[in-house]
Amino acid sequence: MIRISFKQGTLLIEGNIRVPNAIWDERSESFRALALYYRDIINYLKNSKIPFKDEVLDLLPCPDLAAAYEASGKKLKLRDYQAEALASWGENERWGVLVLPTGSGKTLVGIRAIAGCNTPALVVVPTLDLLEQWKKQLEEAFSMEIGKLGGGEKKILSVTVTTYDSAYIHAETLGNRFGLLVFDEVHHLPAAGYRSIAEFSAAPYRLGLTATYEREDELHSELNRLVGGKVYEKHVSELAGSHLAPYRIERVAAALTDEEREEYDNYYSIYTDYLRKTGMVLRGPMDFQKLVMRSGRDPEARKALLARNAARDLAFNTESKIEKLKEILEAHREDRVFIFTEHNRLVHQISREFLIPAITYRTPAKERSSILEKFRNGKYRAVVTSKVLDEGIDVPEANIGIIASGTGSKLSYIQRLGRILRKKEGKEAILYEIISKETTEAGTARRRKKAISTRKGTGKTIREN
């Protein structure tokens with residue numbers, strides 16, 4: 001008889017029968033497969049009518065989660081699209097990714113999936129802020145203690161929340177303890193290290209949640225193997241005005257000074273001259289990576305790359321952006337404002353110029369929490385940040401977003417828009433983009449624009465000057 005057991009993120013298949021996705025392991029003298037393929041292998045053996053002994057799952061003791069959820073009094077009615085999303089996931093044998101906009105209630109969908117599966121569940125999140133948010137909401141939903149793995153704590157319970165970093169470290173030992181994996185911001189999962197969280201787990205059920213499925217490196221193609229691929233999607237424009245705040249996007253042009261223009265043109269010509277001379281055509285991130293690799297061995301390529309970066313830096317940080325920002329802030333004195341930049345240099349400049357609290361990756365966790373709490377209660381009306389608030393911040397009061405500088409990343413753009421779309425009575429959200437005229441930043445903004453599918457009656461651009 002075939003015997004299947006779990007060992008350090010893999011399956012040992014003893015019995016001298018080869019099964020799908022398994023290879024021969026000389027050390028154990030048995031076939032071996034990633035734990036990821038547990039369900040496929042079991043289905044293969046059942047369908048082939050091959051007798052086997054399954055010793056893989058060693059699930060944590062778990063209360064009746066469905067009953068606990070019902071008894072908690074915190075059961076919320078699902079919106080129509082949330083119910084549709086869960087149904088699509090269920091029809092795909094409880095595997096797959098649900099793509100829903102920021103602010104549309106992905107956490108509630110995850111909680112209902114946990115209650116529905118009624119099996120030990122591990123929720124994986126990218127940040128400590130999200131870890132605490134999920135833990136709090138799960139405790140309210142199930143009226144029980146929730147485990148925590150990350151931020152210096154390690155308490156593994158039947159429902160546990162962990163960061164991607166901590167889950168990666170403990171993947172080999174946790175791989176057979178949970179029946180359901182919930183990956184929040186699942187676009188992080190295909191990264192080279194993080195994917196082992198899914199590969200080393202035998203969990204038969206998997207749910208991915210994200211507002212941004214596609215990755216610029218195209219590794220989202222791995223999600224089909226790791227968690228089941230996209231099974232449901234709603235765009236921001238489909239929910240704005242109903243389940244999300246109505247929004248509009250305004251693009252504001254900023255002109256380089258004469259001195260900046262001369263410097264910009266000089267740097268950019270060095271870059272374009274090199275591309276023309278070598279015949280290089282840069283159509284996307286992969287092509288640009290070739291230039292970066294070439295710069296390691298070609299001094300002219302390095303000079304061109306540095307010139308390109310200097311030109312971008314000028315466009316992102318032109319002094320005229322400060323004037324445009326001042327005009328926007330004066331027009332929204334009574335509003336709650338998030339200001340986003342690409343680099344910390346502009347963060348600190350804006351913070352000093354307007355006496356606005358700043359949050360960067362260097363900001364201590366305690367100070368960061370204090371700033372956000374004062375922003376929520378109205379003591380601070382604005383916060384300026386680089387990339388660290390793109391995910392995991394729930395501030396319904398925020399209604400104005402200003403992108404002072406940014407990349408062409410669709411992911412970042414959608415996440416930043418999502419920071420101001422939480423529904424609140426009487427709220428209209430406005431996202432401003434301050435763009436340097438006649439620079440590559442204009443093209444960057446056009447690429448970002450493709451991230452939003454606008455439809456009549458929802459979010460739309462109303463000004464571009």
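Presented here is a report on the structure given in the accompanying data block.

### A word on the overall build of the chain
No. 1: Each helix and strand in the chain was counted, giving 18 helices and 20 strands.
No. 2: In terms of overall size, the chain behaves like a compact globule, its C-alpha atoms giving a radius of gyration of 25 Å where 465 residues would be expected to give roughly 23 Å.
No. 3: Summarising its shape, the C-alpha atoms of the chain cover approximately 80 × 60 × 45 Å along the three principal directions.
No. 4: For the chain, with 465 residues in total, the buried portion stands at 54%.
No. 5: Counting contacts in the chain only where the partners sit at least 6 residues apart, residues at least 24 apart contribute 73% of the total.
No. 6: Counting every atom, the chain has about 21600 Å² of accessible surface; 47% of that belongs to carbon and sulfur.
No. 7: The distance from the centre of the 73 positive side-chain charges to the centre of the 64 negative ones in the chain is 1 Å.

### Focus on the packing of helix 12 (residues 285-295) against helix 13 (residues 299-316)
No. 1: Orientation of helix 12 relative to helix 13, taken along the N-to-C sense of each, is 125°, at an axis distance of 7 Å. Taken as axis vectors, helix 12 and helix 13 run oblique relative to one another. Note that helix 12 runs across helix 13; the crossing there is left-handed. In this structure, helix 12 contributes Phe288, Leu291, Val292, Arg294 and Ser295 to the contact, and helix 13 contributes Ala301, Arg302, Leu305 and Arg308.
No. 2: Considered class by class, the residues forming the contact of helix 12 with helix 13 number 5 nonpolar, 1 polar and 3 charged.

### Some words on the packing of aromatic side chains
Aromatic ring pairs are described here by two measures, namely the spacing of the ring centres and the angle between the planes.
No. 1: This structure, assessed with the given rule, holds 8 aromatic pairs.
No. 2: Plain terms: the ring middles of tyrosine 69 and phenylalanine 142 are 5.7 Å apart, the flat faces sit at 50° to each other, and that makes the pair tilted. Of this pair, tyrosine 69 sits in helix 2 (residues 65-71) while phenylalanine 142 sits in helix 5 (residues 128-142), placing them 73 residues apart in sequence. Residues tyrosine 69 and phenylalanine 142 agree in their burial class; the two are buried.
No. 3: The interplanar angle of 50° and the centroid separation of 5.7 Å between the aromatic rings of tyrosine 268 and tyrosine 271 together place this pair among those described as tilted. Pair noted here: tyrosine 268 and tyrosine 271 are both in helix 11 (residues 258-278), with a separation of 3 residues, about one helical turn.
No. 4: Exposure remark for tyrosine 268: the relative accessible area of 28% places this residue in the partly exposed category.

About the thresholds
Residues numbered from 1 in each chain as written. Predicted model: local features only at pLDDT ≥ 70, side-chain atom pairs only at ≥ 80, totals over all residues. Heavy atoms only, no water. Helix = DSSP H or I, 4+ residues; strand = E, 2+ residues; numbered from the N terminus. Rg over C-alpha atoms; globule rule 2.2 N^0.38 Å. Buried < 20%, exposed > 50% of the residue type's maximum accessible area, 1.4 Å probe, protein only. Contact = heavy atoms within 4.5 Å. Areas by Shrake-Rupley, 256 points an atom, 1.4 Å probe, with all protein chains shown as cover. Lys, Arg positive; Asp, Glu negative; His and termini not counted. Charge placed at Lys NZ, Arg CZ, Asp CG, Glu CD. Axes fitted to C-alpha atoms, helices over the stretch in contact; angles between N-to-C directions. Parallel < 35°, antiparallel > 145°, perpendicular 65-115°, else oblique. Left-handed = near helix turned anticlockwise from the far one by under 90°. Nonpolar A, V, L, I, M, F, W, Y, C, P; charged D, E, K, R; others polar. Phe/Tyr/Trp six-rings, centres within 6.5 Å; stacked < 30°, edge-to-face > 60°.

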